[in-house]
Amino acid sequence: LRPEQVAAVLDAIRARLSVAPDAEITIECNPNHVREARLAGYRAAGVNRISLGVQALDEALLRLLGRQHTVARVVAAVAAVRAAGFDDLSLDLMYGLPGQSLAQWERTVDAALALEPTHLSAYLLTLEPWTPMGQAVARGELTLPDDETVAAQYALLGERLAAAGFVQYEISNWARPGWAGRHNLGYWRGEPYLALGAGAVGRWGAARRKTTPLVPEYLRAVGEGTAPPAAVEPLTPEAQWRELLMLGLRLRAGIDPAAFRARTGLALEQAMPAADELMAGGFLEWAEGRLRLTARALLVSNEVLVRLGLAAGD
């Protein structure tokens, strides 16, 4: 989006909604498209946080992922972000990539820290079988790291970031103190959020709503002054408390039993009868009065959720 388009969107929001003076306003950018003049325009429009989709800081892995940017371009993009006056910068990385060694990952993490972000997200590669990379892995042309290597990559990331002063606040997210992503926290805490735009998904009240992803259909409805078509998924009370548990366990702070009871009317032991067994196995723990995943459970969180009856198993 051009700065004037971003300004038009934000002005339209401010004209219709009450926006907090210190609201977090983030734009996600591809490093290839970042220029100082464009960023200055975003800042003038009210944007105060930039998220860069870096993914890797290794030329071979960037090519493998089909990314158009280079490592040098990432460095230049970060310099432009700083020159434009942004203090809040988040970087996205991926690990568990085909052929990615622990040493390669270590160099990427160190290079990312050298860019001095305030926030870092790191996601384990999830391969869909119909994607070109998924098909290449199935044919044996690419090899994914084994579980031990992936676990070592995740552990190294946590160690490096902790040593650099970052705090892990969610399974895949770290931030310097005071710089955690507020929209991220809103999702994991089960707070309501609006969906605005074609294909947007939001949750408000007892329903989740997905707006039509068809842009012409969306524009036609808006032009006619009617609500764009949307698929609405009603959320039963049980679906809501299950989702609250599933999301809350992703947070390193864990789940406050008193707050959970206040929102759902249920005690944690009612909602998670298998919790004692998982605590005995070293996968759940109490920390500062909250129930959370142990450090060893972070990489197998989906399996823990299956055992708790909060996610579907394979």
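Residues numbered from 1 in each chain as written. Predicted model: local features only at pLDDT ≥ 70, side-chain atom pairs only at ≥ 80, totals over all residues. Heavy atoms only, no water.

Caption draft 1: Inspection of the overall build of the chain at higher detail. In terms of helices and strands, the chain carries 14 helices and 11 strands. For the chain, the C-alpha radius of gyration of 21 Å lies close to 20 Å, the compact-globule estimate for 314 residues. Along the three orthogonal principal directions, the C-alpha set of the chain runs to about 55 × 50 × 40 Å. Counting only residues that meet the buried cut, the chain has 41% of its 314 residues in that class. Restricting the contact set of the chain to residue pairs at least 6 apart, pairs at least 24 apart contribute 60%. As displayed, the chain offers around 16,600 Å² of accessible surface, 55% of which is attributable to carbon and sulfur atoms. Put simply, the chain has 31 plus and 35 minus side-chain charges, and the middle of one group is 5 Å from the middle of the other. (Helix = DSSP H or I, 4+ residues; strand = E, 2+ residues; numbered from the N terminus. Rg over C-alpha atoms; globule rule 2.2 N^0.38 Å. Buried < 20%, exposed > 50% of the residue type's maximum accessible area, 1.4 Å probe, protein only. Contact = heavy atoms within 4.5 Å. Areas by Shrake-Rupley, 256 points an atom, 1.4 Å probe, with all protein chains shown as cover. Lys, Arg positive; Asp, Glu negative; His and termini not counted. Charge placed at Lys NZ, Arg CZ, Asp CG, Glu CD.)

Caption draft 2: Quick look at the packing of helix 10 (residues 237-248) against helix 11 (residues 257-264). Running from amino to carboxyl end, helix 10 crosses helix 11 at an angle of 160°, the nearest separation of the two axes being 11 Å. Relative to helix 11, the element helix 10 lies roughly antiparallel. For helix 10 against helix 11, the interelement crossing comes out right-handed. Every residue of helix 11 that contacts helix 10 at W241, L244 and L245 is listed here: F260, R263 and T264. When its residues are assigned to classes, the contact of helix 10 with helix 11 shows 4 nonpolar, 1 polar and 1 charged. (Axes fitted to C-alpha atoms, helices over the stretch in contact; angles between N-to-C directions. Parallel < 35°, antiparallel > 145°, perpendicular 65-115°, else oblique. Left-handed = near helix turned anticlockwise from the far one by under 90°. Nonpolar A, V, L, I, M, F, W, Y, C, P; charged D, E, K, R; others polar.)

Caption draft 3: Representation of the sheet that holds strand 6 (residues 173-175). Reading across from one edge, 1-2-3-4-6-5 is the order of the 6 strands in this open sheet, with mixed pairing throughout. The outermost strands of the open sheet, each flanked by one partner alone, are strand 1 (26-29) and strand 5 (167-170). Across the sheet, the axes of successive neighbouring strands diverge by a mean angle of 25°, strand direction being ignored. For strand 5 and strand 6, the ladder comprises 3 bridges, and the chain directions are antiparallel. The residue bridging V167 from the neighbouring strand is A175, located in strand 6. (Pairing = 2+ DSSP bridges.)

Caption draft 4: Representation of the environment of L91. One can find L91 in strand 3 (residues 88-95). Between the alpha carbons of L91 and R16 there is a distance of 31 Å; along the sequence they are 75 residues apart.

In short, geometric facts, not functional conclusions.
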